[in-house]
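# Structural overview for review
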Amino acid sequence: MVGSFCVYVPEELVLAIDGVAVGLCAGAEFGTEEAERYLPRNTCALIKSFFGFTLEKVCPYTATCDLVVGENTCDGKKKSFELFGGMVKRFWLMDMPQVKSSGGRALLAEEYRRFAAELEQLAGQKITVEDLRRGIETVNAKRAAIHRLNRLRAVSPAPISGLDALLIQQVSFYDDPVRFTGSVNAVCDELEARIAAGVGKAETGRPRILISGCPMAVPNWKLPPIVEAAGAVIVGEESCVGMRGLRHEANTDGATVNDLIDNLVDRYLRIDCATFTPNHERLGHIREMAAGLAADGVIHYALQFCTPYQIEAVKVEGEIEDVGMPVLRIDTDYGSDDVEQLRTRVEAFVEWISQ
Ligand code: BJ8
């Protein structure tokens, strides 16, 4: 069982050793006091939360993982892993490029090969080309099912609420991938029947919102109910728990394990996380999603003290508003103190774009 905190950690390699991959990011304010014994108060809620869950023994996955993988993405995670590594059974750190140059690509390729070697040692078995191809096919099928779901959300009236769609995408980090793919396709069949019958989750004419920004890890359901109770419907997530993390599929062609690892590098380097610089692709992706989903506005969601996304929000706001799409920027945490303030701002935004 292999736990990780980032969509740059390839699940395909874990499946190739017959492993189980789980996401360990946490989305609730729990064990904060304990976490703050190790971390400064001004650390993002996601990091404090996975520390708190581990210290208070809330997360059964962290406790049972045979290997926990950290990655050098943002400074918060990079430095906190120096402390966190000692709290789990076995920890492995993956270095990450920050620039998509040939050097950056070479670093990621080297790290994926090191990761494959670590997994082989953990499992006591060699990864064969068939194992890895099977892993890639399984994850591609999972991503294709989520694409299908997200494409259906482009229909008006939206056939599913944003909260339900978020929950499905959160579960993609925990469930058995084959079972999950089957379940998502079954949900899609149901949604297609709803669409054919003209039945929507939200009435036609409700403002359609695209959420963009930091990942919302389970059980972070703070923002969607506020947005949807304000009369809007969320039609997409430009997020790692959403299309940023799930949109591209990896090529399955290749004669050797190395060829297939190169395909993974190509696939994963296309993820447009704000920890990369420059990160123009993300702006293009937000525009593309907003147009494809017929969104009326974008809510940029950043966790407080998340420097990469908070700073990138300035560009997102500027460039998206330039194409005539209203943007609301929200910086928040996992606490409930600002819920009423958020509600007021979101209601005003929804009312504004409804006019
Ligand atoms: S690929 S978004 S999963 S790094 S919210 S811990 S960035 S300070 S989660 Fe992420 Fe991978 Fe990028 Fe996606 Fe740091 Fe920001 Fe906290 Fe964050």
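Now for a look at the structure at hand. (Residues numbered from 1 in each chain as written. Predicted model: local features only at pLDDT ≥ 70, side-chain atom pairs only at ≥ 80, totals over all residues. Heavy atoms only, no water.)

### Observations regarding a nonpolar patch on the surface
The condition is simple: In this analysis, a patch consists of residues with relative accessible area above 30% that form no salt bridge, clustered at 9 Å for like charges and at 5 Å for the nonpolar side chains Val, Leu, Ile, Met, Phe, Trp and Tyr. Under the convention used here, a 1.4 Å probe and the Shrake-Rupley method define accessible areas, while residue burial counts only the protein chains that appear. Salt bridge, as used here, is a side-chain nitrogen of Lys or Arg placed within 4 Å of a carboxyl oxygen of Asp or Glu. Every helix listed is a DSSP run of H or I at least four residues long, and every strand listed is a run of E at least two residues long, numbered separately from the N terminus.
Side chains of Leu167, Val171 and Trp221 sit close together on the surface and give an oily, nonpolar patch of about 230 Å² of accessible area. Considering the arrangement of structural elements, one finds Val171 in helix α8 (residues 162-171).

### What to know about the sheet that holds strand β1 (residues 2-4)
Filter applied, for reference: For two strands to count as paired, DSSP must find a minimum of two bridges between them. Every axis in this analysis is a line fitted to C-alpha atoms, fitted for helices over the stretch in contact. Angles between the N-to-C directions lie between 0 and 180 degrees. Residues are treated as being in contact if the distance between any of their heavy atoms lies within 4.5 Å.
Pairing is parallel across the open sheet formed by 4 strands, whose spatial order is β2-β1-β3-β4. Edge positions in the sheet fall to β2 (21-23) and β4 (91-94), since each has one partner strand and no second. Across this sheet, the average inter-strand angle for adjacent strands is 25°, counted without regard to direction. Where strand β3 (residues 67-71) meets β4, 4 bridges bridge the pair, whose relative direction is parallel. Its bridge partner lying in β4, Val69 is registered against Trp92. Those strands touched by helix α5 (residues 75-84) are β3 and β4, and its axis lies near 150° from that of β3.

### With respect to the sheet that holds strand β6 (residues 233-238)
Working definition: the strands of a sheet are paired by backbone hydrogen bonds and lie parallel or antiparallel to each other. The 4 strands lie next to each other as β6-β5-β7-β8, forming an open sheet whose pairing is parallel. Every interior strand has two partners, whereas the edge strands, β6 and β8 (327-332), have only one. On average, each strand axis in the sheet is inclined to that of its neighbour by 25°, with strand direction left out of account.

### Some words on the site of the ligand
Put simply, the test is: Near, as used in this document, describes a residue that has one of its heavy atoms within 4 Å of the molecule or strand being considered. In the scheme used here, Gly and all other residues not listed as nonpolar or charged are polar, with Ala, Val, Leu, Ile, Met, Phe, Trp, Tyr, Cys and Pro taken as nonpolar and Asp, Glu, Lys and Arg as charged.
Taken together, 17 residues surround the ligand, and among them Cys44, Cys74, Cys240, Cys273 and Cys306 come closest. Considering only residue class, the shell around the ligand consists of 14 nonpolar, 1 polar and 2 charged.

Read these as geometric descriptors, not functional statements.
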